[in-house]
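# Structural description and commentary
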Amino acid sequence: AQDSTTSGDIQAGGQTVTGDHSSSKFQQYEEIPSGLVLFGTAFAWDSKSGYTVDFKGENFGYDDQWATLEWAKKGQWKLNIDFSQNPRWFSNTATTLYAETQPGVFLLPTAMSVGIQGGADIRNYLNGSQPVGLKYERKTGKIAFQYTGIEHWLFKASYQNEQRSGTQPLSLGSYFSVGNNTVEIASPVDYRTNTFNGSAEYGDGKWFFSGGFDYSKFTNGLSSVLVDNPARYQDSTGAGADFWRASLPPDNKAYSFNLAGGVNLPYHHRVVANISWGEMTQDAAFIPYTTNTAINALATFDPVLPVNSFNGKIDTFLGSVKLTGDPIEWFGYSVTYRSYEMDNKSPVIDFPNYVAADSVAELNGPYSNDIIGYKKTTWGGEVHFDPVRQVRVGLEYTHDKMDHQFREYEDNTVKTWKGTLDLTFSQWVTFRASYSDIKNDVGAVNEDAALNDYSSQFDIWRRDTTQYNALLTLTPTSDLAVTLSTQYSKDKYPDSTFGRTGCKYDNYGIDVSYALGEKFSIYGSYMYEKYNYDMASQYRVTVPGNALDDWWNSTEDKVDTYTLGLLFKPISDKLEVSSDLTYSKGTSDSAFAIVPGGAYQGDGYFPNAAGTQYFGYPEVFNKLTIWKTKLQWKFNKNLSAAFQYWWQKYDAANWATDVMQPYMAWLDPTANKSLYLSATVPNYNANIFRAYVSYKF
Amino acid sequence: ADEPSGMVGTQTCGTCHEDQVKAFAATPHAQSALGCEGCHGPGQAHVDGGGDKTKIRVFENLTPSESSAVCLKCHNKGMQSQWIGSTHDSRKLACVTCHDPHPKGAVPKALLRKPEFELCTSCHLQRKAQLFRSGHMPMREGKMNCTSCHNPHGSTGPAMLLQNSVNENCYSCHAEKRGPFLWEHAPVRENCLTCHDPHGSIQDNLLRMRPPILCQQCHTSTRHPSQIHTPADRFAFNQGCVNCHAMIHGSNSPSGQRFER
């Protein structure tokens, strides 16, 4: 015991937040409190006879608290117990007329539904709106054990319990009901995910084997929500339902077994193989087609479900093998084969009818679910040459074939050629670059899928892509480092008449750091990024449409990101000043073009196009500024004090959400029976002052 | 070159390399009975040669694969088991590119040369910029890091992901999206990245584009998906198409084939 050592530290102090900081965005994923705060603490014990204990934690008592404890015997075993809590705050401006009378049951005042059904204006009832939180917490507890007491072996087991509780916005459309009404609610989040992992591994430097098992179970405390229709208090087959019901994410399970093995072969070769197979299942009970008693009473409608639950099952499989070799000093290669499958073995269920919205029964069944899954087979190889020690030239080819269970095409194949260049000169110049030529070709058309939704499905369509990127790092002295980087990617869709027709991305960045002796260092960076997406479409009441109703959209997003920082130590081991500034500005512009002289038939809100007309969405932008400056004074090797000023400003404009109010018919007259949460994300401009002492022992 | 022979012990190394030995003593590697020579090889010839650098393994003089081979003698299991032939290995990175076996000052987690995010973004500069987007995962708040999703030592998944596919990776935190669902949305089931950019976006919910335009890039079919929607339009404001098609990740309702419930 005399040889044991203990060490640790504690950081505590006070913090005050001033300025405009009420926005949910300010504390979207964290809590920044005012008052006395135990910012963090750590404790470590080393017995010197092989046992150790380590504890760390931060933000105790707050929404983003975490702690971790490790108890170990060196070289033998390790036990970790972790807890963390993370908030997710969506909005602090939401209001609602709904009262959640039971979990998942959202009611409105009866007089309101009666009144609106009788023709009253929904605005007459909005005074009763109450603020409602849109925020959930993710709490995770984990225990993990690792044993390395047998030479060459590693055993691991862990169990994790994650809970998410709170609310999130959920929008429900009953668009065939009276007034095309949509309602938003603060939907309960009551999720539990239990995860177990176990594995055993052997590695002796030549041979490697591993086997493992993963299991995950997701449980939703609520299977559905039942929501009052503001426009109806009586069920009707033509005008809508009193209530409607929506299914929430169903309980599900997943497991997988994993095996891997590898061996070093002569002449610097190695082969590694992996195999993994598993299953994802879901068999939660179905909710009824509808709560609309008028529809259920129709002689033509069969309310009895053909089955009570889905019994869905997806088998997953991975098989891969990779041979790598560096047989001679200037040449190496690798060959890979990989097959990954998400084989959807869920049943096809024929529903004789259904109710898309709660006023109209769809009676022309059967309506059957599509079985979505795929198999991706990859093979390829890579060769690299080192003509001199400082240079590597590489060439790769990869062949990816995706077989789809139910997509517009039976399959698509991506062929990628990639050239790489890596240079390292005198340890002060590093240059890395690559160029890729990627071609995606499609196989036979799946007529059933194509007819099903007429969609363009740009993710699998024929596509030609060119990509390059380059990274140059210069470190002419140990005090100076300069990094330059660029990336470029362009997608062409040669067969695409409608849907996405093009996509382009490029960026340019520079990062510089410079140290002036041991007392002063400075760094800065800048990154410029631009994204372009082009698409075409045509307004069609029926298929085919009128070419004069063609329209195009071009969206361009740009982002500028700057950082600047310094570290100054005017008095060695006593005074330290650091300052970091980040500024990010992103903008998004989206513009439309219409056929000159076309007979455009839009949704009625754009003026009909008598000639060439261009319309654009208002610019969306978000700007974030974070500036943190800290002054730290060390009294001695154990005790220090620090003062930190932190300025954080968020300035954004988003035409889609900034306008949100409970009643939106002032903007869209057809939304006159809708009820929204008025969930906005306001700007903020906050100042945080923090003073704390750190004591190390 | 001939392998030097003869062990001298860490104490002897400290005679000349005091700082390195002191730093090494605080690291997990100090548990090794071989000490410095566990990585640098037997030191007798080096000592006998008066510090002759050609008589001992100096990592600066090794190729990246030679350097990493030394580490892999012990670190050949767990997260490192797929290193050989991985993207970083084939691009001439070595273990010591990111890890420092004898760091100055406090011993960092995993002996990283810089804090994890700073280290990764010293090459992946664009990822650092994405961190400051309005739509972001809680990385700049310190709740996640790059290795929450990626294994930089190589993996059996794409893009060095921890799981075997993009979606399986996402399901590890978003298990409610796993299904299988009665009504599946094909691009959702096949790849979350079709619509989302997990590294950060200027759009809400990490979307690559704003709805309705995002949805209309595929849905060019009849009626409202094929219309231009203005900002003053319930198909565009708030959550756009998701105002009605709220169960866009999949629905388990018998009446949910249009993802409305």
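Preceding this section is the structure that the text describes.
The paragraphs below set out a description of the structure included in this document. (Residues numbered from 1 in each chain as written. Chains lettered and ligands numbered in written order. Predicted model: local features only at pLDDT ≥ 70, side-chain atom pairs only at ≥ 80, totals over all residues. Heavy atoms only, no water.)

### Quick look at the overall build of chain A
The helix and strand tally for chain A stands at three helices and 36 strands. Based on the C-alpha atoms only, the size of chain A along its principal axes is roughly 85 × 60 × 55 Å. In chain A, which comprises 697 residues, the proportion classed as buried is 47%. Contacts in chain A between residues far apart in sequence, at least 24 positions, make up 64% of those at least 6 positions apart. Total accessible area computed for chain A in this model is approximately 31400 Å², and 57% of it derives from carbon and sulfur atoms. (Helix = DSSP H or I, 4+ residues; strand = E, 2+ residues; numbered from the N terminus. Buried < 20%, exposed > 50% of the residue type's maximum accessible area, 1.4 Å probe, protein only. Contact = heavy atoms within 4.5 Å. Areas by Shrake-Rupley, 256 points an atom, 1.4 Å probe, with all protein chains shown as cover.)

### What about the overall build of chain B?
A tally of regular secondary structure across chain B gives 12 helices and zero strands. In chain B, the order of α-helices and β-strands from amino to carboxyl end is α-α-α-α-α-α-α-α-α-α-α-α. Its C-alpha atoms give chain B a radius of gyration of 26 Å, more than 25% over the compact-globule value 18 Å for 261 residues. Dimensions along the principal axes, computed over C-alpha positions, put chain B at roughly 85 × 30 × 25 Å. Accessible area of chain B: about 11000 Å², with a carbon and sulfur share of 58%. On chain B, the mean spot of the 26 positive side-chain charges and the mean spot of the 22 negative ones are 9 Å from each other. (Rg over C-alpha atoms; globule rule 2.2 N^0.38 Å. Lys, Arg positive; Asp, Glu negative; His and termini not counted. Charge placed at Lys NZ, Arg CZ, Asp CG, Glu CD.)

### Regarding the sheet that holds strand β15 (residues 243-247) of chain A
Residue and element names in this part refer to chain A. Across the sheet, four strands lie side by side as β7-β8-β14-β15; this open sheet has mixed pairing. One side of each edge strand has no neighbouring strand; the edge strands of this open sheet are β7 (99-102) and β15. Taking the axes of each pair of neighbouring strands and ignoring which way they run, one obtains an average angle of 25 degrees across the sheet. Across two bridges, strand β8 (residues 105-107) lies against strand β14 (residues 224-228) in parallel orientation. (Pairing = 2+ DSSP bridges. Axes fitted to C-alpha atoms, helices over the stretch in contact; angles between N-to-C directions.)

### A word on the interface of chain A and chain B
With 176 residues of chain A at the contact, the number on the chain B side is 102 residues. Note on chain A versus chain B: buried area summed over both sides is about 11300 Å², and carbon and sulfur give 54% of it. In this assembly, chain A and chain B are joined by eight salt bridges. We note a salt bridge from R164 of chain A to E176 of chain B, for which the minimum N-O separation is 2.8 Å. The interface formed by chain A and chain B includes 55 residue pairs in polar contact (both at pLDDT 80 or more). Looking at the side of chain A that touches chain B residue by residue, the class counts come to 79 nonpolar, 61 polar and 36 charged. (Buried area = accessible area lost by both parts, 1.4 Å probe. Salt bridge = Lys/Arg side-chain N within 4 Å of Asp/Glu carboxyl O. Polar contact = N/O pair within 3.5 Å; in protein donor to acceptor, adjacent residues only side chain to side chain. Nonpolar A, V, L, I, M, F, W, Y, C, P; charged D, E, K, R; others polar.)

### Section: the packing of aromatic side chains
One pass over the full model with this rule turns up 42 aromatic pairs over all chains. Where Y191 of chain A meets F218 of chain A, the ring centres are 5.2 Å apart and the plane angle is 65 degrees; that geometry is what we call edge-to-face. Of the two residues, Y191 of chain A is situated in strand β12 (residues 182-203) and F218 of chain A in strand β13 (residues 207-220); the sequence distance between them amounts to 27 residues. Under the relative-accessibility criterion, Y191 of chain A is labelled buried at 5%. A connected cluster of aromatic rings, assembled from ring pairs, spans F286, Y289, F301 and F351 of chain A together with W183 of chain B. The ring of F621 of chain A carries K623 of chain A above its face, with NZ or CZ at 5.0 Å from the centroid. (Phe/Tyr/Trp six-rings, centres within 6.5 Å; stacked < 30°, edge-to-face > 60°. Lys NZ or Arg CZ within 6 Å of the ring centre and 35° of its normal.)

### A closer look at the pattern of salt bridges
Within the structure shown, the criterion is met by 28 salt bridges over all chains. A salt bridge links D495 of chain A to R462 of chain A; its shortest N-O distance comes to 3.1 Å. Taken together, the residues D495 of chain A in the loop between β29 (480-492) and β30 (499-516) and R462 of chain A in the loop between α3 (447-453) and β28 (463-477) connect sequence positions 33 residues apart. Residue classification places D495 of chain A among the partly exposed residues on the basis of a relative accessible area of 44%. A salt bridge links E176 of chain B to K177 of chain B; the nearest nitrogen and oxygen atoms lie 2.9 Å apart. E176 of chain B gets classed as buried once you look at its relative accessible area, which sits at 6%. Given a relative accessible area of 26%, K177 of chain B falls into the partly exposed group. Look at the salt bridges and you will find they share partners, linking R138, E162 and R164 of chain A together with E176 and K177 of chain B into a network.

### Focus: the pairing of β29 of chain A
Residues and elements named next belong to chain A. For β28 and β29, the ladder comprises 12 bridges, and the chain directions are antiparallel. Counted as the bridge partner of A470 is T486 from β29. Once β28 ends, the chain turns through two residues before running back antiparallel as β29. Inspection of the sheet shows β29 paired to β30 by 13 bridges, in the antiparallel sense.

### Observations regarding the nonpolar core
All names here are of chain A. Core analysis: the biggest nonpolar cluster contains 40 residues, and L172, V225, V227 and L675 have the highest contact counts within it. Going through the elements one at a time, α1 (110-117), β11 (153-173), β12, β14, β15 and β21 (354-357) are the ones with two or more residues in this core. With three residues, the top contributor of residues to this core is β21. Those residues in contact with V225 that sit more than four places away from it in its chain are G104, F106, L170, L172, I185, S187, P188, W244, R245, A246 and L248. (Core = buried A, V, L, I, M, F, W, Y, C linked by side-chain atoms within 4.5 Å.)

### A short note on the environment of T121 of chain B
All names here are of chain B. Relative to the helices and strands, T121 resides in helix α8 (residues 116-121). Exposure remark for T121: the relative accessible area of 3% places this residue in the buried category. When the C-alpha atoms of T121 and K53 are compared, they prove to be 34 Å apart, with 68 residues separating the residues in sequence. Among the polar contacts made by the side chain of T121, one reaches the main-chain carbonyl oxygen of F117 at a distance of 2.7 Å.

### Observations regarding α1 of chain A
Residue and element names in this part refer to chain A. What α1 keeps buried is the set M112, S113, G115 and I116. For α1, the angular spread of the buried residues around the axis is 165 degrees, confining them to a single face. Counted as exposed and oriented over 90 degrees from the buried face of α1: T110 and A111. In the core, the buried residues of α1 are packed alongside β14. Two residues or fewer past α1, G119 is found with a positive phi of approximately 110 degrees. (Arc of directions from axis to C-beta.)

### Focus on the side chain of S588 of chain A
Residues and elements named next belong to chain A. With respect to the element layout, S588 can be found in strand β33 (residues 575-594). On the basis of relative accessible area, S588 is assigned to the buried category, the value being 5%. In terms of polar contacts, S588 uses its side chain to reach the side chain of D557, at 2.6 Å.

### Structural notes on the environment of C170 of chain B
Considering the arrangement of structural elements, one finds C170 of chain B in helix α10 (residues 166-171). Along the chain, C170 of chain B and C149 of chain B lie 21 residues apart, while their C-alpha atoms are 8.4 Å from each other.

### Here we look at unusual backbone geometry
For residues besides glycine, phi is generally negative; the peptide bonds are generally trans as well. Put simply, G365 of chain A and P366 of chain A share a cis peptide bond, and its omega is 10 degrees. Structurally, the position occupied by P366 of chain A is in the loop between β22 (360-362) and β23 (367-368). The linkage connecting G179 of chain B with the following residue, P180 of chain B, adopts the cis geometry, with an omega of 5 degrees. As for its placement among the helices and strands, P180 of chain B is situated in the loop between α10 and α11 (186-190). In this model, A110 of chain B sits at a positive phi of 55 degrees, which is unusual for a non-glycine residue.

### Things to note about the side chain of D228 of chain A
All names here are of chain A. Within the secondary structure layout, D228 lies in strand β14. Buried charge without a partner: D228 forms no salt bridge, and the closest opposite charge is R232, 9.8 Å away. Beyond its immediate chain neighbours, meaning those up to four positions away, D228 contacts Y98, F106, L107, L108, S113, D242 and F243.

### Some thoughts on a nonpolar patch on the surface
Residue and element names in this part refer to chain A. Where nonpolar side chains cluster on the molecular surface, the patch consists of I10, L38, F43, I571, W633, F635, L639, V693, Y695 and F697 and spans about 820 Å² of accessible area. Elements supplying a minimum of two residues to the nonpolar patch: β2 (35-46) and β36 (684-696). Structurally, the position occupied by I10 is in strand β1 (residues 5-20). Using a relative accessible area of 35% as the deciding quantity, one classes I10 as partly exposed. (Patch = residues over 30% accessible without salt bridge, like charges linked within 9 Å, V, L, I, M, F, W, Y side chains within 5 Å.)

### What to know about the pairing of strand β17 (residues 269-282) of chain A
All names here are of chain A. As paired strands, strand β16 (residues 252-265) and β17 are joined by 13 bridges and run antiparallel to one another. What sits directly across from K253, in β17, is T281. Here 14 bridges tie β17 to strand β18 (residues 312-328), and the two strands are oriented antiparallel to one another. Residue pairing for β18: R270 is matched across the bridge by T324.

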